[in-house]
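Breakdown of the fold
Okay, here's what each chain looks like letter by letter:
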Amino acid sequence: MLNILAISGSLRAASTNSALVAALARDAPPGCRVTVYDRLGSLPIFNPDDEGDRTPLEASELIDAVTSADGVIISCPEYAHGVPGGLKNALDWLVSRDAAVEKPAMLVHASSRSLFARAALSEIIRTMSFALYDGGLEIALLGKKPPEVENILAEPEKRLALRDTISAFADFIRSR
Ligand SMILES: Cc1cc2nc3c(=O)[nH]c(=O)nc-3n(C[C@H](O)[C@H](O)[C@H](O)COP(=O)(O)O)c2cc1C
């Protein structure tokens, strides 16, 4: 069983990115378990002085979750042409250790815009030595309210695309 951790970069209750990662968890194919990490908002602001023995519990939990995962999926909005601070903060907690090194990662997208954030996130992920999977998935949910989002994500072809995307990522993970 592959254990995949999915992270949404948005803290909004009605987040389209969070809905997308929840749908990935729901539609994971046999042999893959996708677990959503939803505690970005409780992480302290990263401070290198608070590493080692001083690492906060919330950061340790994130580090353990990434370390024990076979792969990581990220779905992230764009804020002012950049990566939202909450996600960047979480990633910063992973930099000075082995959690991210050679860890397979895949980006998925809930907006067809966000091209600056995609490029920035890819650069960050590669710089941290994640093994970034070339593929991914885009489902255009920008500006849609939760009922419409749920309807779109429940469409049979979308559910197939969600499952196939995880299967392809799982193949990438197993090939390494
Ligand atoms: C503060 C702020 C800044 C934003 N800046 C951009 C931007 O630069 N480019 C863009 O494409 N969308 C931008 N957006 C729109 C969000 O990326 C978009 O609404 C996204 O779908 C929200 O994701 P969520 O539904 O998961 O919260 C911004 C939204 C906010 C709240």
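Per an unreviewed UniProt entry, the chain carries the name NADPH-dependent FMN reductase and comes from Mesorhizobium calcicola.

It is worth spelling out the site of the ligand at this point. Around the ligand sit 13 residues, and of these Ser 10, Arg 12, Ser 15, Thr 16 and Asn 17 come closest. Between the ligand and Arg 12 there is a distance of 2.6 Å, counted from an oxygen atom to a side-chain nitrogen or oxygen. Note that an oxygen atom of the ligand is positioned 2.9 Å from one of the backbone N or O atoms of His 81. Coverage of the ligand by the protein chains reaches 68% of its 640 Å² of free accessible surface. Among the cavities detected, the one that contains the ligand is the largest pocket. The class makeup of the residues in the shell around the ligand is four nonpolar, six polar and three charged.

Per the stated rule, a full pass over the model turns up twelve salt bridges. A salt bridge links Arg 159 to Asp 27, with the shortest nitrogen-to-oxygen separation between them at 2.6 Å. Taken as a pair, Arg 159 in helix H6 (residues 156–174) and Asp 27 in the loop between helix H1 (16–26) and strand E2 (32–37) lie far apart in primary sequence, 132 residues in all. A relative accessible area of 36% places Arg 159 in the partly exposed class. A residue is classified by how much of its surface remains accessible, and Asp 27, at 6% relative accessible area, is buried. Where salt bridges share partners, they join Arg 26, Asp 27 and Arg 159 into one cluster.

Let's shift gears to the pairing of strand E5 (residues 131–138). One ladder, built from five bridges, connects strand E4 (residues 104–109) with E5; its direction is parallel. Bridging across to E5, Leu 107 finds its partner in Gly 136. With respect to chirality, the unit in which E4 leads through helix H4 (residues 115–127) into the neighbouring parallel E5 is right-handed.

Looking now at the UniProt feature "domain: NADPH-dependent FMN reductase-like" (unreviewed entry) in the chain. UniProt tags residues 3–120 as "domain: NADPH-dependent FMN reductase-like" (unreviewed entry). End C-alpha atoms of residues 3–120 are separated by 26 Å, and the span's content is 31% helix alongside 19% strand.

What counts as what
- Residues numbered from 1 in each chain as written.
- Predicted model: local features only at pLDDT ≥ 70, side-chain atom pairs only at ≥ 80, totals over all residues.
- Heavy atoms only, no water.
- Near = heavy atom within 4 Å.
- Polar contact = N/O pair within 3.5 Å; in protein donor to acceptor, adjacent residues only side chain to side chain.
- Areas by Shrake-Rupley, 256 points an atom, 1.4 Å probe, with all protein chains shown as cover.
- 1 Å grid on protein atoms, 1.4 Å probe; cavity = no way out; pocket = protein on both sides within 12 Å on 5 of 7 lines; lining within 4 Å.
- Sits in = over half its atoms within 2 Å of the grid points.
- Nonpolar A, V, L, I, M, F, W, Y, C, P; charged D, E, K, R; others polar.
- Salt bridge = Lys/Arg side-chain N within 4 Å of Asp/Glu carboxyl O.
- Helix = DSSP H or I, 4+ residues; strand = E, 2+ residues; numbered from the N terminus.
- Buried < 20%, exposed > 50% of the residue type's maximum accessible area, 1.4 Å probe, protein only.
- Pairing = 2+ DSSP bridges.
- Right-handed = clockwise from strand over helix to strand, strands pointing away.
- UniProt positions renumbered as here; feature names shortened; annotations may be inferred.

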